[in-house]
Amino acid sequence: MSSYYITTPIYYVNDRPHIGHAYTTVLADVLSRYHRLFGDETYFLTGTDEHGQKVQEAAADRGVTPQQHTDETVVPFQELWKKLEITHDDFIRTTEERHQVIVQEILQDLYDRGEIYKGEYDGWYCVPDERFFTEKELKDGKCPECGRDVVQITESNYFFKMSAYQDWLIEYIEKNPEFIQPEYRKNETLGFLRKPLQDLCISRPKSRLSWGIEIPFDSDFVTYVWFDALVNYISAIGYRRDEKAFARWPASCHLIGKDILTTHTVYWPTMLQAMGLPQPKSIFAHGWWLSDQTKMSKSLGNVVDPMALIDLYGVDAFRYYVISGMVLGQDANFTSELFISRYNSDLANDLGNLNSRLSKLISSNCDAKVPEPEEDPLAGGEEKDLWATATTAVEALEDSVRHMHLDHGLQQVLGLVRATNRYLELKAPWNQAKEEDKRPLHTTLYVALEALRVASGLLWPVMPERMGTLRSSFGLSAERPDHACLTRWGVTVSGTPLTKTGPLFPRLQIKEDGKVETSSDVKSEKAPPDEDGAGLITFDEFSKVQLRTAKILSAEKIEDTTHLLRLEVMMGEERRQLVAGIAMFYEPDELIGNSIVIVANMKPAKIRGVESQGMLLAAKKGESLRLLTIDGEMSSGAAVS
Ligand code: MSP
């Protein structure tokens, strides 16, 4: 069994958590869940960074102590992780005793061994980033990392001899291609190391900043917040305290955003080297979630609040979107439109549709129990192909997790879902159901169910709640799937009663007023009536719907809407008014004179205050819509049957 130790950055508690923090933590959670699924002994650490100038200032502004301030501001982070179903094994706060004492012991040890010395500091400081810069490092006189103003500082301080490790670090990075990922971030660090590396100022005089861990050999100083923070990765797992727990070191992956590359790929490795500890196996820097193509910031007012998204779309939809919507390493733009469109296509249409189709077919044709397949169900070409697609998806996903191409692996799983939908279309179980011999029908349903079992197992680490519900509906555990079962054929037990899940992912629509609506009539999740045994209707039922031809006399847009038209039609001798959501597809003028088909006995309803006395028929797929019209001459009011 291999071991896997993953960390997130520890977040500053002076901000409320936003989508960026949520992203790193969800990603670490998804990776942890996959590794646990693969059978790796997994340990997942997250936490908060609670010292430093910004916290001291924020607390002073509020008139509370820094400790009181952080005790309050840590709560939204912990609540968000709970809501997001994050399965961290530990949450470390840098104000905890267990962390502070280790930082002090490390400092004392490095000082005793001459790795830390006292000197004069003269340079520039970026308060928001809590980082020092030399004159040369500034960009147009501003912070080279964030572009904000810097302040000049001259004072006595303690320094860590970081410069002594420059050559060693360059060689280490070059010899260990997996150490900094993706490759372009490795090159960025090597670029940074082309310039002479300075020693690292690791203290702050208490006269300027008192909120930090006291330097053990000089009580006039506290520890620089980054030196303090980076140590969390080892203090949390028992460094200098618990040898057994500390066997987890080195970390398999420090997951970070690209903003904190230098601190993790230069400061931290040199600190570890000075301590005589092995290096983490990899430091992976992901990209930024942008809002309107720009960095999120409070001042621009474009910060995306994860809590609001979760309340609107659900935890699993949020987790799925952030994981599948970002190519690992690169930036991604967040918009509600992209969120909704991916949700509707992948989750509501592909996955939700497959689930509801299967459960309806099994309910109405197999007494709501998992059917028994024919003797050698994988003998048929299509069945064999579908199962091969499933096993390939398992391999591809595992490979994508191990090589940090998660978005790619997920696409393969969605490919399996689509292939299963295609398989059903090909086999047409709604027709097989009409045959005397039910064995082919049962085989089709069983094979599709097995494919859905594999897909839902592979998606469980991303959407544990919804996939748990789906899997338990056909008798599997809602908890972590068993890895060995993912590639094993025939795990679903015939005869297991099926329980109803209801729509897993109701389709989302953006309404006129910009609000999002989950449609209860979930069109996409219903199999077309003619395809689905459960949806078959009798002739009597059909004859209740009175379809008539009608001629369009006039058409105009309904004020304050973008998609509604008011039509006047003649149906025989009768004049009627219809409201139709077709303004995005037709100009009013091009409709006049057309003969269309309407449902004549539809109960009148008011739409945006305008009465609609019937409903026209149209074919709609994706982004296109065309009206049902009459081919040739036919008087209006004629019955359509
Ligand atoms: N406290 C330091 C980290 C110390 S680690 C030893 C810090 N904290 S932070 O609160 O600013 O969090 C930074 C991290 O949050 C980023 O590295 C990234 O993981 C995440 N994100 C913050 N904003 C982000 C985006 N807009 N997009 C994606 N993730 C970003 O730096």
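Every chain's residues receive numbers from 1 upward, in the order its sequence appears when written. Totals for whole chains, interfaces and linings use every residue, but because this is a predicted model, local features are given only for residues with pLDDT of at least 70 and side-chain atom pairs only at 80 or more, for both listing and counting. As a convention, hydrogens and water are excluded, and side-chain values are obtained from all of the structure's heavy atoms.

## Side note on the nonpolar core
A general trend in soluble globular proteins is that nonpolar side chains are found buried together. As a reminder, the rule being used: What we call a nonpolar core is a set of buried Ala, Val, Leu, Ile, Met, Phe, Trp, Tyr and Cys residues that are connected through their side-chain atoms within 4.5 Å. Only protein chains enter the calculation, and the probe is 1.4 Å; a residue is then buried if its accessible area is under 20% of its type maximum, exposed if over 50%, and partly exposed in between. Where helices and strands are cited, they refer to DSSP runs of H or I of at least four residues and of E of at least two residues respectively, numbered from the N terminus. Where each domain starts and ends comes from a domain assignment, either automatic or drawn from a database. Two residues qualify as a contact provided that any one of their heavy atoms is within 4.5 Å of a heavy atom in the partner residue.
Judged by nonpolar contacts, the single largest core of 104 residues is most densely connected at Tyr34, Leu84, Trp289, Phe318 and Ile323. Top contributing element to this core by residue count: helix α17 (residues 439-459), with 12 residues. Formed jointly, this core draws a minimum of three residues from each of two domains, domain 1 (1-95 + 287-334) and domain 2 (335-518). Residue contacts for Leu84: discarding those within four places in its chain leaves Ala22, Val26, Ile310, Val315, Phe318 and Arg319. If you look at the next biggest cluster of nonpolar residues, it comprises 56 residues, including Leu107, Leu197, Trp226 and Phe246.

## Things to note about the sheet that holds strand β6 (residues 131-133)
To be explicit about the condition: A pair of strands is considered paired only if DSSP assigns at least 2 bridges between the two.
Strand order in the open sheet formed by 4 strands is β6-β5-β7-β9, with antiparallel pairing between adjacent strands. Looking along the sheet, the strands with just one partner apiece sit at the ends: β6 and β9 (200-201).

## Quick look at the pattern of salt bridges
The criterion, for reference: For this analysis, a salt bridge means a side-chain nitrogen from Lys or Arg found within 4 Å of a carboxyl oxygen belonging to Asp or Glu.
Applying the stated criterion across every chain, the model contains 38 salt bridges. A salt bridge links Arg342 to Asp346; the shortest N-O distance between them is 3.6 Å. Here Asp346 and Arg342 lie together in helix α13 (residues 336-365), a separation of 4 residues that amounts to about one turn. A relative accessible area of 4% places Asp346 in the buried class. Among the salt bridges present, the one from Asp437 reaches Arg439, with a minimum N-O distance of 3.3 Å. The structure contains a network of salt bridges with shared partners spanning Arg342, Asp346, Asp350 and Arg418.

## Focus: the site of the ligand
Here is the rule we go by: One heavy atom suffices: a residue is near a molecule or strand as soon as one of its heavy atoms comes within 4 Å of it. Residues adjacent in sequence count toward polar contacts only when both atoms are side-chain atoms; beyond that, a polar contact is any pair of N or O atoms within 3.5 Å, and within protein one must be able to donate a hydrogen and the other to accept it. A 1.4 Å probe and the Shrake-Rupley method give the accessible areas. Residues count as covered only by the protein chains that appear here. The nonpolar class holds Ala, Val, Leu, Ile, Met, Phe, Trp, Tyr, Cys and Pro. Asp, Glu, Lys and Arg form the charged class, and all remaining residues, Gly among them, are polar.
Taken together, 22 residues lie near the ligand, and Ile10, Thr24, Asp49, Trp288 and Trp289 sit nearest. The separation between a nitrogen atom of the ligand and a polar main-chain atom of Gly20 is 3.4 Å. The contact in question runs from an oxygen atom of the ligand to an N or O atom on the side chain of His21, over 3.5 Å. For the ligand, the protein covers 94% of the area, taking 670 Å² as the surface of the free molecule. At the level of elements, β2 (11-12), α1 (19-37), α7 (225-230) and α8 (232-235) are the ones that each hand at least two residues to the shell around the ligand. The class makeup of the residues in the shell around the ligand is 11 nonpolar, 9 polar and 2 charged.

## Details of the environment of Glu574
Residue position: Glu574 is located in strand β21 (residues 574-580). Assessed through its relative accessible area of 37%, Glu574 is described here as partly exposed. A polar side-chain atom of Glu574 sits 2.9 Å from a polar atom in the side chain of Arg576.

## Some thoughts on unusual backbone geometry
Along the chain, Gln181 connects to Pro182 via a cis peptide bond; the corresponding omega equals -10 degrees. Tracing the chain through its elements places Pro182 in the loop between β8 (180-181) and α6 (183-192). Following Trp249, the chain continues into Pro250 via a peptide bond in cis, with omega recorded as 5 degrees. Mapped onto the elements of the fold, Pro250 is located in the loop between α9 (243-246) and β12 (253-257). Backbone geometry places Arg240, a non-glycine residue, at a positive phi of 65 degrees. Looking at the element boundaries, Arg240 is found in the loop between α8 and α9. Using a relative accessible area of 39% as the deciding quantity, one classes Arg240 as partly exposed.

## Some thoughts on the domain arrangement of the protein
Domain parsing of the protein yields domain 1 (1-95 + 287-334), domain 2 (335-518) and domain 3 (539-640). Inter-centroid distance (C-alpha atoms) of domain 2 to domain 3 is 37 Å.

## Examining the sheet that holds strand β15 (residues 294-295)
Across the sheet, which stays open at both edges, the 3 strands sit in the order β15-β14-β16 with mixed pairing between neighbours. Where the open sheet ends on each side, the last strands, each with one partner, are β15 and β16 (332-334). By the bridge criterion, 2 bridges tie strand β14 (residues 289-291) to β15 in an arrangement that is antiparallel. Looking at β15, one finds that Ser291 is bridged to Thr294.

## Focus on the packing of α6 against helix α10 (residues 261-275)
In plain terms, the rule: Inter-axis angles, ranging from 0 to 180 degrees, are taken between N-to-C directions of lines fitted to C-alpha atoms, where helices are fitted over the stretch in contact. When the near helix sits turned anticlockwise from the far one by under a right angle, the crossing is termed left-handed; a clockwise turn instead gives a right-handed crossing.
Closest axis-to-axis distance for the α6/α10 pair is 10 Å, and the angle between their directions is 65 degrees. You can see that α6 and α10 cross each other, and the crossing is right-handed. Residues Arg185, Glu188, Thr189 and Phe192 of α6 form the contact with α10, whose participating residues are Leu261, Thr262, Thr265 and Val266.

## Here we look at helix α11 (residues 306-313)
The following threshold applies: It is the directions from the helix axis to the C-beta atoms whose arc is reported.
Those residues of α11 not exposed but buried are Pro306, Leu309, Ile310 and Tyr313. All buried residues of α11 lie within an arc of 100 degrees about the axis, which places them on one face of the element. N-capping of α11 is provided by Asp305, with a side-chain oxygen placed 2.9 Å from the backbone N of Met307. Immediately downstream of α11, the backbone of Gly314 shows phi near 95 degrees, a positive value.

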